[in-house]
Amino acid sequence: MEIGAALVLLAVLLVVVVPVLAVVKIVTAFLLSIRLNETQLTQKVRGRHVVVTGGSRGLGLSLATRFARSGANVTLVARASPSLDAALSSVAAAAANPASVRAVAVDLSDYLATKEKIAVLLKEVITSKSSHFLNTVNNINNNDYKTGKIDWLIANAGASYPDFLANQLSVENSLVDATISTNYYTALNIIRSVFAAIKESTNITHNIPANITNSSADITTQKPTVSGFTPAESALLPSKIIIVGSTLSFISFLGYSAYSSSKYALRGLADSLRSELLPLNINVHFLHPGNMDTPGYIVENTSKPSIVKKIDGASQLVSAGDAADALIAGVLVDRYAPTNDLISELLRVSGSVSAPRPNPVSEVLGVGLLVFIFNIYLAFIDWDIAKDAKKGGFLISGTSNGSNSGGSE
Ligand SMILES: CCCCCCCCCCCCCCCC(=O)[C@@H](N)CO
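It should be emphasised that the depicted structure is a prediction, and the values quoted were computed from it without experimental measurement. (Residues numbered from 1 in each chain as written. Predicted model: local features only at pLDDT ≥ 70, side-chain atom pairs only at ≥ 80, totals over all residues. Heavy atoms only, no water.)

*Asks:* Sorry, what's going on with the pattern of salt bridges here?
*Replies:* Opposite charge on two side chains lets them pair, provided their charged atoms get close. Going through the model one piece at a time under the given rule, you end up with 14 salt bridges. Residues E200 and K115 are paired through a salt bridge, measuring 2.8 Å at the closest nitrogen-oxygen approach. Of this pair, E200 sits in helix α7 (residues 175-201) while K115 sits in helix α5 (residues 111-123); the two residues are 85 residues apart in sequence, bridging distant segments of the chain. Between R348 and E363 there is a salt bridge, with the nearest N and O atoms lying 2.9 Å from each other. (Salt bridge = Lys/Arg side-chain N within 4 Å of Asp/Glu carboxyl O. Helix = DSSP H or I, 4+ residues; strand = E, 2+ residues; numbered from the N terminus.)

*Asks:* I would appreciate a short explanation of the sheet that holds strand β2 (residues 73-78) in the present structure.
*Replies:* Within a beta sheet, neighbouring strands are joined by backbone hydrogen bonds and run either parallel or antiparallel to one another. Judged by pairing direction, the sheet is parallel, and its six strands sit side by side in the order β3-β2-β1-β4-β5-β6 without closing on themselves. At either margin of the open sheet sits one strand with a lone partner, and together these are β3 (101-105) and β6 (283-287). In this sheet, neighbouring strand axes are inclined to one another by 15° on average, regardless of whether the strands run parallel or antiparallel. Contacting β1 (49-53), β2 and β3, α5 crosses the sheet at an angle of about 155° to β3. Against the sheet, α7 contacts β1, β4 (152-155) and β5 (240-244), and its axis sits at roughly 155° relative to β4. (Pairing = 2+ DSSP bridges. Axes fitted to C-alpha atoms, helices over the stretch in contact; angles between N-to-C directions. Contact = heavy atoms within 4.5 Å.)

*Asks:* What's the story with the site of the ligand in this structure? I'm lost.
*Replies:* Lining the immediate environment of the ligand, one finds 19 residues, of which S160, S246, Y259, N291 and E300 sit closest. Between S246 and the ligand, the recorded distance is 2.8 Å, taken from a side-chain N or O atom to an oxygen atom. Across the complex, the protein chains shield 95% of the 600 Å² of accessible surface that the ligand would expose by itself. For the shell around the ligand, the elements supplying multiple residues, two or more each, are α11 (306-312) and α14 (360-390). Broken down by element, the shell around the ligand gets its largest block of residues, three residues, from α14. Here the residues of the shell around the ligand are counted per class, giving 10 nonpolar, seven polar and two charged. (Near = heavy atom within 4 Å. Polar contact = N/O pair within 3.5 Å; in protein donor to acceptor, adjacent residues only side chain to side chain. Areas by Shrake-Rupley, 256 points an atom, 1.4 Å probe, with all protein chains shown as cover. Nonpolar A, V, L, I, M, F, W, Y, C, P; charged D, E, K, R; others polar.)

*Asks:* I tried to follow unusual backbone geometry on my own but got confused; where do I start?
*Replies:* Leaving glycine aside, a negative phi is the common case for residues, and trans is the common case for peptide bonds. With a phi angle near 50°, N173 is a residue other than glycine that sits in the positive phi range. Structurally, N173 is set in the loop between β4 and α7. Here the phi dihedral of N281 falls at roughly 60°; this positive angle occurs in a residue that is not glycine. When its relative accessible area of 66% is taken as the criterion, N281 is described as exposed. (Buried < 20%, exposed > 50% of the residue type's maximum accessible area, 1.4 Å probe, protein only.)

Have a look at this one:
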């Protein structure tokens, strides 16, 4: 074979064959990662305290139900509502010991209110039959302080009101503000509330001089801290913190200006905390589910322009139960950013830098091809948007008469 032909062959191998094989490997690894091993889950969570925000509906309810069925002590946190009461009964019904499931009613967008409720939660000893849980509780006694230590903290609460920003300009009851607050602040607030309640519970007075705002050591006690926690405090921290993002934490397009901003923000929070809590052996995970058949999905479709539904329809609608199982499966195989759907997985591979990759070699070998394909896909999406706009404006997907949400008709 002449040298020219050999070079062409080599180029084809490097540019096409190797990346394609790498993507096949990524897909295979993904499909294996979403199969839940129920026995393993039970071993991990039986008798453990799992807190789920947004637990009254949708993915949160499915996650909570799955954990309760696997023997965890589950606390649902959500705003007071009939659906929270209903969720409490249904999750309790799934548990071997109904008394191990409870609900905390609080508006998670309110940091101080959340902190107060979490402080109370941590002080309570759950009178569960599970000896493991009681052991955990007894082992972390500080003097005679008892606590319902949280083992897994799941920041799941969220909502989506897709529309064009130009249709969401209202200042009163702003949907943009509600979106950022429901998706981003609820997660930040539950996490910082747990941190704050733990610090307060260990009774160390942080008498830090006003001119010092940041410190790697506790000023009053001169005790060294790791990532801002003394050893006594870190013994009370959850061993897992799971933040629920979205496929729209990695990409975005029209209609999701508020939603994806809040979900991108969650990715920043998760990536930071993963790194920050590493020395404390706390595993942070960032879930990024695709479309799920939930009450929230029905709500979002009432304002979602049909062009948006067409684009996001690339993520196949699945039940919240299936999504919960797949996502938990990913957590159990130590994936930092599990998803439940293939397109979301490929978008993660294309868009991660400050996150560890489960298959670094194949992901790096495949990422160029994926980004290239998605860029072509993007050109088609842009073309579709332009075509739709020329047809006389964007219509809402959910309405049969095609009435517009206002503005652009
Ligand atoms: C932009 C160019 C990249 C090309 C890739 C296109 C693939 C699009 C898949 C989008 C999937 C969105 C799932 C959203 C789930 C969700 O969070 C919402 N249901 C909330 O409203």
